[in-house]
Each structure stands twice: as structure tokens, then as C-alpha cells.
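Residues per chain, in single letters:
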Amino acid sequence: MEKVINYIKSNSDSYVEQLKDYLRIPSISTSVKHKNEMKKCANYVAGQLKSAGMKKVKIIPTAGHPLVFGELIHDKKLPTVLIYGHYDVQPVDPLDLWKSPPFEPEIRNGKIWARGANDNKGQNFVHIKSVEAFKNTGTKLPVNVKFLIEGEEEIGSPNLSKFLKTNKSLLSCDAVMISDTSLYQPGIPTINYGLRGLCFMEVEVIGPNRDLHSGSFGGAVANPINVLADMISKLIDKNGRITIPDFYNDVQKLSAVERNNYKKLKFSDAKFAKELNVKKLAGEKGYSTLERLSGRPTLDCNGIWGGYTENGAKTVLPSQAYAKISMRLVPDQDPKTIAKLFAKYIKQIAPKSVKVNVKELHGGLPIVVSFDNPAVKAAAKAASKAFGKETVFTREGGSIPIVVEFAKQLDVPTILMGLGLDTDNIHSPNEHFNLSNFSRGILASAYFFEEFAKIK
Ligand SMILES: [Zn+2]
């Protein structure tokens, strides 16, 4: 193992040069014009997997952009990790805001600047290079490895779910490793063990059969906007609790260990409030800000419209009013059940003076992977070794649908060992990746194989 670690340390400059080649390919999945570049990038990844010692490397066509697969199964008794990543990137506009061209990678201030540097080329390259280091030093890889690098993550992975469903044996493994998230803070190794789900609804409140003159009709007819505002205000009580009956029934309580983990992250409410330019934070009573941000469900009105909203005045009593309302969910809440509870309650609190329709727009399941899981522990230990600091465990407030798909289809733990920083400008101009996180990431990946070998 020492040989591998020394090899990785002495090759860091060469790794950066190789990463530049990967970053030069403008693999923008959403752009029809870049179809050939997508193929070129898939070929590049396949070549990298081959030179890392992967067997059965193949470029698998889909209805959209191809997937790249490779595996090294050299001992059936060893545990197998499936490493997932994506070679596609976000579009680059507005181009004039980039300090250096997005597909001409440049090193400045210890960072590599290019589209895809963090999301996700830099982060998946880490694992390819760590596997390669074992091969190049003649060291037996202590585990079996499979790679699945897709080209459609940035457009919602429309073909991945079907591929997972129909290729379970090809992808069978003991854990999935994904590096596509962020460190909690610079220099702090981080395992993300939970993601929230989502239930997205639209409410329509219908009043009179036409917009009315508020002078002639005001006082006699219910105003749909007033009614809708009143209904929305009833969805959360003064303690920040969601009032929908049975809403919290399936919520997994935060364990004492988890609450302690949250505490250890030493989150500053004051700093957070200052960054957002708000005087005071708000939310559910009895929970810390970090707990409310990722470990508890929420309800937010995302948009509300109706009546007259142009310049000046128009004394209208509108016929209709609308709102989009989303709820972030935590395990074991089910978006379908929550949608039903929401619709039932909204209709129940609506006055007889209006008609109410409720539509479910979109939903996604929440997930947590127990941090007691041996695979997760192995990753935490590996990251600690690479970064020289204790690994922290966090949950994400948002959702990553593919993680839920992996859990559903393959039924194995997913490890989110992110190496980026929230300030890396992913999806924005001037995306970058810290070279220190890049090289520590390669080490963390190598240490992970060593630790993961012990789980069986
Ligand atoms: Zn992305």
C-alpha cells in the first residue's frame, strides 16, 4: 500500500495534466450541437478505464448519450464497489463572465479552472487515477471495482433508471461510491449520508366566474387571493410545525448520535444570517438550524399568482388564484402519501365560498444511509487518513434522484464522499476545483479500497 501512496504523491503534477485533457472536451449533454463531443468524451473515459486496468470496458449506447462501463473482478471473495460518476457538464453561458475559457483549463491560486473541473470530471477522475496507481505499482487491488460513468446526469439521467433496472447483475456490488458533493468546510473530510425527498404541489382557488370590479362586488364575494393566502398561512403553526394531519407520522426521529454529530459541525447561525442579510433565522422550534436544513421536513410556498400584477392600479376582485407549494421530506415519508394528505387538508380548510383544485407536480423519495454501515465507515476512515482530520457526517437538504435509484434498484448502501466545495461555482461561470482536494481525493480513494476490503 505504501508503494501506491508514494506513487500517487509523486504523480500529482501528471494527474493535473491528464485531468486537463478530460476538461478540454466540451461534453455539454443538453446541447444538440455537442453530440459528437459527447461521444468523444465517452471514448476518452473508456480509454482511461482501460489504462487503469479495467476489463470488459464498453461504451453502452442509450436512447440519449452513452454510458461507459468497466470492471475488474479478480477475486469473487473480495467485496465489490461500483463507482458512479458523470462525464457530461453544464452549459457555459454567460461566456463573457469566465476569466479563462471554460474548455481551456487553467491553474490559478492552487485551483484548476474549467467547466466540469469539480462537477463531475475532477471528482470521478480521482477514482480512475487511484485504481490506476495500483496497476502501475504492480499492487493487487484489494477489492473488485466496477465503474459506471454516465453522460446524462446534468439533464436528469433520463436513461439511467431503466439501465439500472435491466442490468442488475452487471452492476451487482456491495456498495456504490459517488464523489459528486461538497466538503462541509475546506479541509474537512465529509461523508454525506442523507438526502431529502420532495413533494411538489399546485393549488388552484376558483371564485366568481369572471374578474369583478372590487367596488361593485367587494364585500359580497370571496376573493380567491385572500382565501389562498389565508389557507397557506394555516399550513404552518407559530412553532414552525406543519399542520397537515398525519404529516409527521412516518418521520424518522433524529437519533441522539445524529444530533450530536450535527452539534459537532459547529454551525454559526449568526454568520449564516449575515450571509443572507436577514436579521433572524426562522423555522421549526426545538431543532438547530442544521437539523432544520437537512434532518427535518419543511413546507414552502414557491410561487403565488392571480389578479392584477402589472404597473399601476386595477381594482379587480380576481376570479382565480394559484400557488406552488413544495415540501422537503425526510425518511420514511413517502411523497405519494404526503401529496394525498396535503390535498385532503387543503380541501378541508377551504371555505365553501370557493372551489379548490390540487395537482401533484413532482415527487422524490428521501434517503438515509446509516453511518454505522461498514462501507460508510470504511469511506470515513479513508477520508480521514487522506485529509489528516476527523471525517464529519452531514445530510443534504436537497435531493439527488440517482442516489435513490441506486438504493432502489441495487439495494446496497451508497457512499457520498464529496470532494468539492460549495464555493467552486458548479453550474456557474468560473467553475473550479481545488488541486489539494483533487490530490487528497485520489489518496482517499486508494485508502478506501484498503478499508473497504475489510468489510467481508
Ligand atoms: Zn451538476
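None of these values were measured; they are calculated from a predicted model.

Digging into the overall build of the chain
Now for step 1: When its secondary structure is counted, the chain shows 15 helices and 18 strands.
Now for step 2: Here the chain has a C-alpha radius of gyration of 25 Å; the compact-globule value for 456 residues is 23 Å, and the two agree.
Now for step 3: For the chain, the spread of C-alpha atoms along the principal axes amounts to about 85 × 50 × 45 Å.
Now for step 4: Long-range pairs, those at least 24 residues apart, make up 79% of the contacts in the chain with a sequence separation of at least 6.
Now for step 5: By element, 51% of the accessible surface of the chain is carried by carbon and sulfur atoms, the whole surface being about 21,100 Å².
Now for step 6: For the chain, the distance from the average site of its 62 positive side-chain charges to the average site of its 47 negative ones is 3 Å.

Some points on the environment of Ser 319
Now for step 1: Turning to its location among the elements, Ser 319 is positioned in the loop between β12 (316-317) and β13 (320-329).
Now for step 2: By relative accessible area, which is 6% here, Ser 319 ends up buried.
Now for step 3: Expressed as a C-alpha distance, the spacing of Ser 319 and Ala 273, which sit 46 residues apart in the sequence, is 39 Å.
Now for step 4: Look past the residues within four positions of Ser 319 in its chain and what remains in contact with it is Val 205, Ile 206, Gly 207, Pro 208, Asn 209, Arg 210, Asp 211 and Pro 224.
Now for step 5: Looking at Ser 319, its side chain comes within polar contact range of the main-chain oxygen of Pro 208, at 2.8 Å.

Things to note about helix α8 (residues 224-233)
Now for step 1: Within the sequence span of α8, burial applies to Pro 224, Val 227, Leu 228, Met 231 and Ile 232. Within α8, the buried residues cover an arc of 135° as seen down the axis, which keeps them to one side.
Now for step 2: Considering only its buried residues, α8 is in contact with β9 (197-206), β11 (298-306), β12, β13, α12 (335-349) and β14 (355-364).

Some details on the side chain of Thr 80
Now for step 1: For Thr 80, the location among the structural elements is in strand β3 (residues 80-86).
Now for step 2: Judged by relative accessible area, Thr 80 falls into the buried class, the value being 9%.
Now for step 3: Within polar-contact distance, the side chain of Thr 80 engages the side chain of Asn 144 at 3.4 Å.

Looking at the packing of aromatic side chains
By convention here, two paired aromatic rings are described through the distance between centres and the angle between planes.
Now for step 1: Scanning the model with the defined rule gives 13 aromatic pairs in all.
Now for step 2: Taking the centre distance of 5.3 Å and the plane angle of 65° together, the rings of Tyr 84 and Phe 406 count as edge-to-face. Separated by 322 residues along the polypeptide, Tyr 84 in strand β3 and Phe 406 in helix α14 (residues 401-410) bring together distant segments of the chain.
Now for step 3: For Phe 406, a relative accessible area of 0% translates into the label buried.
Now for step 4: Every member of this aromatic cluster is reached through a ring pair, and the members are Phe 134, Phe 448, Phe 449 and Phe 452.
Now for step 5: The side chain of Arg 108 reaches across the aromatic face of Trp 113, ending 4.4 Å from its centre.
Now for step 6: Over the aromatic face of Tyr 248 sits the side chain of Arg 241, whose NZ or CZ is 3.9 Å from the ring centroid.

Brief notes about the coordination of the zinc ion
Now for step 1: Donor atoms from the polypeptide that bind the zinc ion are Asp 119 (OD), Glu 154 (OE), Glu 154 (OE) and His 427 (NE2), placed at 1.9 to 2.6 Å.
Now for step 2: The coordination sphere of the zinc ion comprises 4 donor atoms, whose angles at the metal cover 53 to 135°; the geometry is irregular.
Now for step 3: Expressed as a motif, the donor residue spacing for the zinc ion is D-x34-E-x272-H. Separated by 35 residues along the polypeptide, Asp 119 in the loop between β5 (111-113) and α4 (121-136) and Glu 154 in the loop between β6 (144-150) and α5 (160-166) bring together distant segments of the chain. Grouping residues by exposure puts Asp 119 and Glu 154 together as buried.

With respect to the domain arrangement of the chain
When the parts come together, some accessible area is lost, and that loss is often what is quoted as the size of the interface.
Now for step 1: Under the domain assignment used here, the chain contains domain 1 (1-195 + 366-453) and domain 2 (197-251 + 297-364).
Now for step 2: Each of domain 1 and domain 2 has a C-alpha centre, and these two points are 41 Å apart.
Now for step 3: Listed per partner, the contact involves 8 residues of domain 1 and 8 residues of domain 2.
Now for step 4: Here domain 1 and domain 2 share an interface that buries about 490 Å² over both sides, 60% of which is from carbon and sulfur atoms.
Now for step 5: Sorting the residues of domain 1 by area buried against domain 2 places Pro 366, Arg 395 and Ser 399 first, and these three jointly supply 72% of that buried surface.
Now for step 6: Summed over the shared surface of domain 1 and domain 2, the result is 0 salt bridges.

What counts as what
- Residues numbered from 1 in each chain as written.
- Predicted model: local features only at pLDDT ≥ 70, side-chain atom pairs only at ≥ 80, totals over all residues.
- Heavy atoms only, no water.
- Helix = DSSP H or I, 4+ residues; strand = E, 2+ residues; numbered from the N terminus.
- Rg over C-alpha atoms; globule rule 2.2 N^0.38 Å.
- Contact = heavy atoms within 4.5 Å.
- Areas by Shrake-Rupley, 256 points an atom, 1.4 Å probe, with all protein chains shown as cover.
- Lys, Arg positive; Asp, Glu negative; His and termini not counted.
- Charge placed at Lys NZ, Arg CZ, Asp CG, Glu CD.
- Buried < 20%, exposed > 50% of the residue type's maximum accessible area, 1.4 Å probe, protein only.
- Polar contact = N/O pair within 3.5 Å; in protein donor to acceptor, adjacent residues only side chain to side chain.
- Arc of directions from axis to C-beta.
- Phe/Tyr/Trp six-rings, centres within 6.5 Å; stacked < 30°, edge-to-face > 60°.
- Lys NZ or Arg CZ within 6 Å of the ring centre and 35° of its normal.
- Donors = N, O, S within 2.8 Å, 3.2 Å for Na, K, Ca; no water.
- Tetrahedral: all angles 85-135°; square planar, octahedral: opposite > 155°, others 65-115°.
- Domains from an automatic or database assignment.
- Buried area = accessible area lost by both parts, 1.4 Å probe.
- Salt bridge = Lys/Arg side-chain N within 4 Å of Asp/Glu carboxyl O.

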